[in-house]
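Here is what each chain is made of, one letter per residue.
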Amino acid sequence: MAAPVERWLALEGLDNVRDVGGLPTRDGGTTRSGVLLRSGSLRHCTPADVTHLVDEFGLRLVLDLRTQREIDRDGPTPVARAGVETVALSFIPEEGRELPESDDVDPLVHNYLGYLRDRADNVVTGVRRLAAVDAGPALVHCAAGKDRTGVLVALVLDAVGVERAAVVADYALSAEQVEAMFRRWTAASGEPMPEDLTPHLPRAEAMAAVLAHLDAEYGTNGVGGSAGWLLANGVDEGSLGHLRARLTA
């Protein structure tokens, strides 16, 4: 039996960063390591972190899913200043988001589906960039690396054939890093730690519901909902094939 892949990266100023390699696919394969990282904000990366990401991991592309307001507030990341191509693809409309139509709708599920509804163009652009043959090792991040990043990475993993339970488990894994992120943020801002971090934790059932919704709306003729959504929104079969080839073995 192959040894389990070590997915977490222990870096000095970067939280919730892990490789999406080593996940099982529905056809018996696994996702490749060294191709795609997911993380929280890069704003606190130290010089040693930048060296690790650029020189050791070989990072060539960063997809930054934060809003323009967040980017303007924090300034260029150390990774961008080091010359790594950084593409801003906000998942949240600058004018705000719609409220749920019903009190029965899980607000987290509503927000996640809202990314796909309100910023479909940016979601598709992100997937196309990750699918490019010459993309090189890439990293996707937002502020905490759990919600906006979680949706894009789950969509990608599901579309390339990762087992559904593994997609959901990868999303939920960010819960292990939430306390560390809040301790870093509060130490920097001088604000107190929240007494209860539960509202900030990713919930596996929310991502499972999002993927089930995509299955119901876009899954046809053996094509799963995530791939179906991408095809319906302008990603072609060739790009999906490149994405699978890059991410799976």
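These remarks concern the structure in this document. (Residues numbered from 1 in each chain as written. Predicted model: local features only at pLDDT ≥ 70, side-chain atom pairs only at ≥ 80, totals over all residues. Heavy atoms only, no water.)

1. Focus: the overall build of the protein
- If you tally the helices and strands in the protein, you get eleven helices and five strands.
- Compactness check: the protein gives a C-alpha radius of gyration of 17 Å against a globular reference of 18 Å for 249 residues, within 12% of the reference.
- With the C-alpha coordinates aligned to their principal axes, the bounding extent of the protein is approximately 55 × 45 × 35 Å.
- By residue count, 51% of the 249 residues in the protein fall in the buried class.
- Of the contacts formed within the protein by residues at least 6 apart in sequence, a portion of 72% connects residues at least 24 apart.
- Accessible surface for the protein amounts to roughly 11,600 Å². Of this, 51% is attributable to carbon and sulfur atoms. (Helix = DSSP H or I, 4+ residues; strand = E, 2+ residues; numbered from the N terminus. Rg over C-alpha atoms; globule rule 2.2 N^0.38 Å. Buried < 20%, exposed > 50% of the residue type's maximum accessible area, 1.4 Å probe, protein only. Contact = heavy atoms within 4.5 Å. Areas by Shrake-Rupley, 256 points an atom, 1.4 Å probe, with all protein chains shown as cover.)

2. Observations concerning the nonpolar core
- Core analysis: the largest hydrophobic core is formed by 52 residues, its most contacted members being Leu63, Leu152, Met207, Trp229 and Leu243.
- Looking at this core element by element, the count peaks at eight residues for helix H6 (residues 148–159).
- Formed by 15 residues, the second largest nonpolar core is a distinct cluster that contains Leu11, Leu37, Val50 and Leu59. (Core = buried A, V, L, I, M, F, W, Y, C linked by side-chain atoms within 4.5 Å.)

3. Some remarks on the sheet that holds strand E4 (residues 85–88)
- Strand order across the open sheet formed by five strands is E1-E2-E5-E3-E4, with mixed pairing between neighbours. Here the strands that pair on one side only, and so sit at the sheet edges, are strand E1 (18–19) and E4.
- With four bridges connecting them, strand E3 (residues 61–64) and E4 associate as parallel partners. Within the sheet, the bridge partner assigned to Leu63 lies in E4 and is Val87. (Pairing = 2+ DSSP bridges.)

4. Details of unusual backbone geometry
- Although it is not a glycine, Asn16 adopts a positive phi angle of roughly 55 degrees.
- Topologically, Asn16 is positioned in the segment before E1.
- Judged by relative accessible area, which is 1%, Asn16 ranks as buried.

5. Some words on the packing of aromatic side chains
- By the definition in use, this model includes four aromatic pairs.
- Summarising the aromatic geometry, the rings of Phe91 and Tyr115 are spaced 5.9 Å apart at their centres and angled 50 degrees between planes, so their arrangement reads as tilted. On the criterion of sequence distance, the pair formed by Phe91 in the loop between E4 and helix H4 (107–118) and Tyr115 in helix H4 is long-range, its members being 24 residues apart. Both residues of the pair, Phe91 and Tyr115, count as buried.
- Between Tyr112 and Tyr171, the aromatic rings sit 6.0 Å apart at their centres with planes inclined by 85 degrees, giving edge-to-face as the arrangement. Here Tyr112 is found in helix H4, whereas its partner Tyr171 is found in helix H7 (residues 164–172), with 59 residues between them in sequence. For the pair Tyr112 and Tyr171, a shared accessibility class is recorded, and that class is buried.
- Grouping aromatic residues by their ring pairs yields a cluster made of Phe91, Tyr112, Tyr115 and Tyr171. (Phe/Tyr/Trp six-rings, centres within 6.5 Å; stacked < 30°, edge-to-face > 60°.)

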